[in-house]
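Understanding the architecture of this molecule
Here is what each chain is made of, one letter per residue.
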Amino acid sequence: MAKLLFTLSDTAMGYDEGDWFFDSDSFDSDRISDTPFTLTQEVLEGGRQDGVRVITLTCENGLTISLCPTRGMDILEVFSHDGTRLGWDSPVDEIAHPKTINLEANGGCGWAESFNEMMVRCGYAWAGHPVREGNMFYTLHGRAGNLPASRVEVEISDEDRPTVRIRGLVKEKVFKGVYFECWTELSYELGSQSFAIHDHLTNVGEYPHDYQLVYHSNFGAPLLEEGARFVAPVEHISPFNDYAKPGLSDWQTFVGPTANFDEMMFNIRPYANKAGNTKVALIDKAGERGVAIAFDTRTLPVLSLWKNTDTLKHGYVTGIEPGTGFCYPVTVEREQGRVKSLAAGESVDFNVIYTLLHGADDIAQVEREVEEIQAGRETTVSDQPIAYE
Amino acid sequence: MAKLLFTLSDTAMGYDEGDWFFDSDSFDSDRISDTPFTLTQEVLEGGRQDGVRVITLTCENGLTISLCPTRGMDILEVFSHDGTRLGWDSPVDEIAHPKTINLEANGGCGWAESFNEMMVRCGYAWAGHPVREGNMFYTLHGRAGNLPASRVEVEISDEDRPTVRIRGLVKEKVFKGVYFECWTELSYELGSQSFAIHDHLTNVGEYPHDYQLVYHSNFGAPLLEEGARFVAPVEHISPFNDYAKPGLSDWQTFVGPTANFDEMMFNIRPYANKAGNTKVALIDKAGERGVAIAFDTRTLPVLSLWKNTDTLKHGYVTGIEPGTGFCYPVTVEREQGRVKSLAAGESVDFNVIYTLLHGADDIAQVEREVEEIQAGRETTVSDQPIAYE
Amino acid sequence: MAKLLFTLSDTAMGYDEGDWFFDSDSFDSDRISDTPFTLTQEVLEGGRQDGVRVITLTCENGLTISLCPTRGMDILEVFSHDGTRLGWDSPVDEIAHPKTINLEANGGCGWAESFNEMMVRCGYAWAGHPVREGNMFYTLHGRAGNLPASRVEVEISDEDRPTVRIRGLVKEKVFKGVYFECWTELSYELGSQSFAIHDHLTNVGEYPHDYQLVYHSNFGAPLLEEGARFVAPVEHISPFNDYAKPGLSDWQTFVGPTANFDEMMFNIRPYANKAGNTKVALIDKAGERGVAIAFDTRTLPVLSLWKNTDTLKHGYVTGIEPGTGFCYPVTVEREQGRVKSLAAGESVDFNVIYTLLHGADDIAQVEREVEEIQAGRETTVSDQPIAYE
């Protein structure tokens, strides 16, 4: 087995590779030549994108995955070889450099000026809706998505299942404040229909500090459509707020693009298997295509289901969001006991696996898995929000 | 007739031309060889200017015009072949990159840290003085001047009157907010003493959205001086606030640089001709030089006259500002019915033509034109502000 | 005598040298060949550092000094040939580009997201703890540390004591606001153990304007340690706030890294010699190493002693901060008469000299000098803060 390791960027060296290209032809390995791929880093120019780095992994007979080191290593979009896309069309159609974003703008909603990723991490010191508390302004969904990575590595390994791993070190550090480092990793077995996120968040400080993390995973067309379904092993579900109450009756299906729908959110506590793992899925109407999300409930115990089935141009999208907590302001989350803390030097791991589903067999199998996790246990539906903002 | 089209920047391609040069020698056209010109794009380095793009069109026997794609395609300054300058000397003597500007700073006045253009567009989702309303912070004169263009094109055409057109696409987009695109255009007939702004603002969203636009056009020396005059066909004029009341008696003339003058603003509703066009002018004391501004009152019905005849170093300048409304906070403008809305997909066009005036004949002709538009109709002077901030 | 002058950056020319190297071999001078040195400018890449310039002067048999044009010409760190370091280990371990800093964040404490320099200028229009007053938001320690230099020059002179001077022009300018230019200079006699700061702040406007300046000079290990001492000729000392009261009894010594120590600050009015100069020093426990800071009390009449003897990872550091005033909010400083004003066109000069102390003789001499300045005069200790925030 051989490994190739590239460092694309390292602030400790004051170094960034800039535009970069690698392909499987340069890696003399039989295993890898079966699954040809290219890897690029591109430096965008112009507008709000100026200076933004985008890494794209293109596997001919598998997935094409693009992610953004400049924006916290978040995932921009994913395509399968048949053209199925994970991602959505946000009104925000450029990849904004964090330097152009003022998170405190408009009551702490500056985050909304750059929101268009397939998966954006909300965290790490806090997540959720904005709230002021003394001098602290907990802005919408925290800083994580607007922190450029301090070190970016790409590892190519020709193990039994040849794998590309793209790692980024994201630091959230403030003097007399938080002192977090998160090693994010996206790993992809060449040729497969899955990719995995493994994040390792460490409190490198010497005092305990609260953390929150929500994997805001967003899907529009073609998976989202009228009649698309959300399947999950659910222990408890409740509306996020009063506006979502009427949506409780058909929370498992989606409507088509709907003017003035705005957004409905639901708080879900999923069941998990004995190991603590669970799986949910978004499935199109025909039951032909979908995406499954598996995650480890030991560190991501809950899930927010965000239905933003607004018009196409305003972001027809659903967010399936495994998290340490729900999307209430951190003050509410803390009060209700969903905010955890990392002791000095302590780490926590997060695992999320996304799998593209192709054809009725894939769909049926995921539905079976969800059913097995549910294992006949009851789903409690509460018609009242558990909290208010 | 031939056309040359250059794309200098396009965020959709992640592309920016950077430093760029073109001159008329490279365009084999008899018509154009009569009016030699150069076109450059320069990428500034250092300080707050780092990364800023400036396009300069230099026409030997006509005008030199510089504008800034990084700052909303706004016009930095204009010189005629005899050295007359349109523009002013702001205390802010660098072309600040929007990344260095926090619009919400100091009560929503961060805009003032970069204000030094000859013409800055105030808009598009709002303009005017800052005001908070719920979570929205309507900062001074909106975002338009601090939005980098997403696409920049230069078109050179050897039509009967050979013309250079510099176009920029400026996007103002926020998830769950505004969804505007504005194609700005500056066109210049080679060799002439005029240049025209034609802006096409579109609500590319699916919901109606309010808009405002003020063409904040600013002139200092040499046109502005003690005894300089402002001529306009005026239906109604009133002071912007109590401080401007004493200035009503001689609103048509300017004082020299005056310590502690600060600023006086006047709200003007101009008369227009039957086609809806009007023309105003700033004329120097000797009646030898000036600048005329023609605009279409169907979309720019009013004009703010801003007299900032402060000391030279603090920005001795007058703003002649055709607008959709006045410079009160958007909440006031809305209340008084001057804020218009664009329906889903709807566009609105704005036309402003600036002409340098040389010699008594030019001046006399503009004064005649203004008189013809006034057509003997009465000017109402109100000594009370129509609103308070 | 010969001089070499390099311009590394000049916004008036839209110019920045970028990566740059010079060494003494290129300067044909006997005097200089005795003290070989290199000078570099490096453009950092990646993360929050992207685009940051760092100038490093390395003198083989003297000091290595690095400073940051992008961050107001502030000093990052200094090493002597024996490895003694001036500087500290902040939790903030990258050199953040000002574009990534929102000074108004978290109640005006955005400054804390980039604080890690050995010496950061706090000013110029204001310094001290944050406070709002009308529309003005006086953010923590002002803008000076987050203003990129507009012009950077390096001068090498083979005078009797060959000297390198690194100068930067820092502008703090806001339309209808402050209109300051500060020419900062760091000068270093090649081979010596001292370097000098000479700053020339000018109000280039035509109205008087308040100013404040604090030289926030920060030292961690190895000089700071349990039992390290602070020596100074003190006329008056008082605790900054109630929390610092218990620290009064042993204000002249330091504790080791201490969990939950947080920070204690003391307001000191030093005695000076007849010329107005004074000297203070930080000395390690063994009395073997230290740093002396001489400054001119005619423009820097007071000193803040900031003891942040927190844990190593949270920034074990002391700040020795000659200033125009103390670190209360500018509103308090103004009320108590410590805020001075610059008339139109007026300038003020600031001089601070840092000297590394090696061995018992150096230490003894500095202690003698401090004693001579004290000259047997009394030290008044007040146990009450002179103000509250």
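Residues numbered from 1 in each chain as written. Chains lettered and ligands numbered in written order. Predicted model: local features only at pLDDT ≥ 70, side-chain atom pairs only at ≥ 80, totals over all residues. Heavy atoms only, no water.

An unreviewed UniProt entry lists chain A under the name DUF4432 domain-containing protein, with Zymobacter palmae given as the organism.

Residue and element names in this part refer to chain B. In spatial order, the strands read 2-1-12-13-14-15-25-21-20-17; together these 10 strands make up an open sheet with antiparallel pairing. Two strands lie at the open edges of the sheet, namely strand 2 (15-16) and strand 17 (229-231), each paired on one side alone. With 8 bridges joining them, strand 14 (residues 179-189) and strand 15 (residues 194-203) adopt antiparallel strand pairing. Bridge pairing in strand 15 places Phe180 opposite Asn203. (Pairing = 2+ DSSP bridges. Helix = DSSP H or I, 4+ residues; strand = E, 2+ residues; numbered from the N terminus.)

Residue and element names in this part refer to chain C. Read from one edge of the open sheet, 10 strands run 2-1-12-13-14-15-25-21-20-17, paired in antiparallel fashion. Looking at the sheet topology across the chains shown, the edges are occupied by strand 2 (15-16) and strand 17 (229-231). Direction of pairing for strand 13 (residues 163-173) relative to strand 14 (residues 179-189): antiparallel, over a ladder of 11 bridges. If you follow Arg165 over to strand 14, its bridge partner there is Ser187.

Right, let's get into the interface of chain A and chain B. Taken together, the contacts link 39 residues of chain A with 29 residues of chain B. A combined buried area of about 2,700 Å² lies between chain A and chain B, and 47% of that area is made up of carbon and sulfur atoms. Contact with chain B buries area across many residues of chain A, yet Glu45(A), Asn106(A) and His314(A) alone supply 23% of it, more than any other trio. Inspection of the chain A/chain B interface yields 6 salt bridges. Measuring nitrogen to oxygen at the nearest pair gives 2.8 Å for the salt bridge that ties Asp93(A) to Lys173(B). The interface formed by chain A and chain B holds 24 residue pairs in polar contact (both at pLDDT 80 or more) in total. Elements with a contribution of two residues or more to the side of chain A that touches chain B: strand 4 (37-43), helix 2 (105-108) and strand 22 (302-309) of chain A. Split into classes, the residues belonging to the side of chain A that touches chain B amount to 12 nonpolar, 14 polar and 13 charged. (Contact = heavy atoms within 4.5 Å. Buried area = accessible area lost by both parts, 1.4 Å probe. Salt bridge = Lys/Arg side-chain N within 4 Å of Asp/Glu carboxyl O. Polar contact = N/O pair within 3.5 Å; in protein donor to acceptor, adjacent residues only side chain to side chain. Nonpolar A, V, L, I, M, F, W, Y, C, P; charged D, E, K, R; others polar.)

Evaluation of the coordinates by the stated rule reveals 48 aromatic pairs over all chains. Between Trp20(A) and Phe22(A) the ring centres are 6.4 Å apart and the planes differ by 10 degrees, which places this aromatic pair in the stacked class. With a centroid separation of 4.5 Å and an interplanar angle of 25 degrees, the aromatic rings of Trp111(C) and Phe115(C) are classed as stacked. Take Trp111(C): its relative accessible area is 5%, and that puts it in the buried class. Site record: aromatic cluster; members linked through ring pairs are Trp88(A), Trp111(A), Phe115(A), Trp306(A) and Phe175(B). In this structure, Lys307(B) is placed above the aromatic ring of Phe254(B), and the distance from its NZ or CZ to the ring centre is 5.0 Å. (Phe/Tyr/Trp six-rings, centres within 6.5 Å; stacked < 30°, edge-to-face > 60°. Buried < 20%, exposed > 50% of the residue type's maximum accessible area, 1.4 Å probe, protein only. Lys NZ or Arg CZ within 6 Å of the ring centre and 35° of its normal.)

Attention shifts here to the pattern of salt bridges. All names here are of chain B. Counting across every chain of the model gives 93 salt bridges over all chains. A salt bridge links Glu172 to Arg143; the nearest nitrogen and oxygen atoms lie 2.8 Å apart. Of the two residues, Glu172 sits in strand 13 (residues 163-173) while Arg143 sits in the loop between strand 11 (136-138) and strand 12 (151-157), which places them 29 residues apart along the sequence. Residue Glu172 is classed as buried on the basis of its relative accessible area of 1%.

All right, on to the nonpolar core then. All names here are of chain A. Ranked by size, the top nonpolar core spans 105 residues in total, and within it Phe37, Leu39, Ile156, Phe195, Phe230 and Tyr354 carry the most contacts. Of the residues forming this core, the biggest block, 5 residues, is contributed by strand 25 (residues 347-358). For Phe230, the contacting residues outside a window of four places in its chain are Trp251, Gln252, Phe254, Ile268, Val280, Ala281, Leu303, Leu305 and Ile320. (Core = buried A, V, L, I, M, F, W, Y, C linked by side-chain atoms within 4.5 Å.)

Right, let's get into the confidence of the model for chain A. Averaged over all residues, the pLDDT of chain A equals 96, while 100% of them reach at least 70. ipTM for the predicted complex: 0.93, alongside a pTM of 0.95. (pLDDT = per-residue confidence, 0-100.)

Further remarks concern the pairing of strand 25 of chain A. Residues and elements named next belong to chain A. Alignment of strand 15 (residues 194-203) against strand 25, held across 9 bridges, turns out to be antiparallel. Note that in strand 25 the partner of Phe195 across the bridge is Tyr354. Relative to strand 25, strand 21 (residues 289-296) runs antiparallel, the two sharing 7 bridges. Bridge pairing in strand 25 links Ala292 to Thr355.

Superposition record for chain A on chain B: RMSD 0.0 Å, screw rotation 120 degrees, translation along axis 0.0 Å. The transformation just described matches what one would write down for a three-fold rotation axis. Of every C-alpha in chain A, the one belonging to Lys99(A) sits nearest the axis of rotation, 3.3 Å from it. (Least-squares fit on C-alpha atoms with pLDDT ≥ 70 in both.)

Turning our eyes to something else, we now look at the interface of chain C and chain A. Taken together, the contact between chain C and chain A spans 39 residues of the former and 29 residues of the latter. Across the chain C to chain A interface the summed buried area is about 2,700 Å²; carbon plus sulfur atoms make up 47%. Per-residue buried area on chain C facing chain A is highest for Glu45(C), Asn106(C) and His314(C); these three make up 23% of the total on that side. Where chain C meets chain A, there are 6 salt bridges.

Bringing the relation of the copies chain C and chain A into the picture now. Rotating chain C by 120 degrees and translating it 0.0 Å along the rotation axis places it on chain A, where the RMSD comes to 0.0 Å. Comparing interface residues between copies, only 8% of those in chain C also lie at the interface in chain A; the contact surfaces differ.

A word on the side chain of Asn146(C). Residue and element names in this part refer to chain C. Following the sequence through the fold, Asn146 ends up in the loop between strand 11 (136-138) and strand 12 (151-157). Side chain to side chain, Asn146 and Arg71 meet in a polar contact 2.8 Å long. Excluding its chain neighbours within four sequence positions, the residues that come into contact with Asn146 are Arg71, Pro98, Ile101, Leu103, Trp111 and Ser114.

Take the side chain of Asp74(C) next. All names here are of chain C. Tracing the backbone through its elements, the reader meets Asp74 in strand 7 (residues 74-80). A polar atom in the side chain of Asp74 sits 3.0 Å from the side chain of Arg121. Here Asp74 is in contact with Leu67, Cys68, Glu117, Met119, Val120, Arg121 and Gly145, once residues within four sequence places are set aside.

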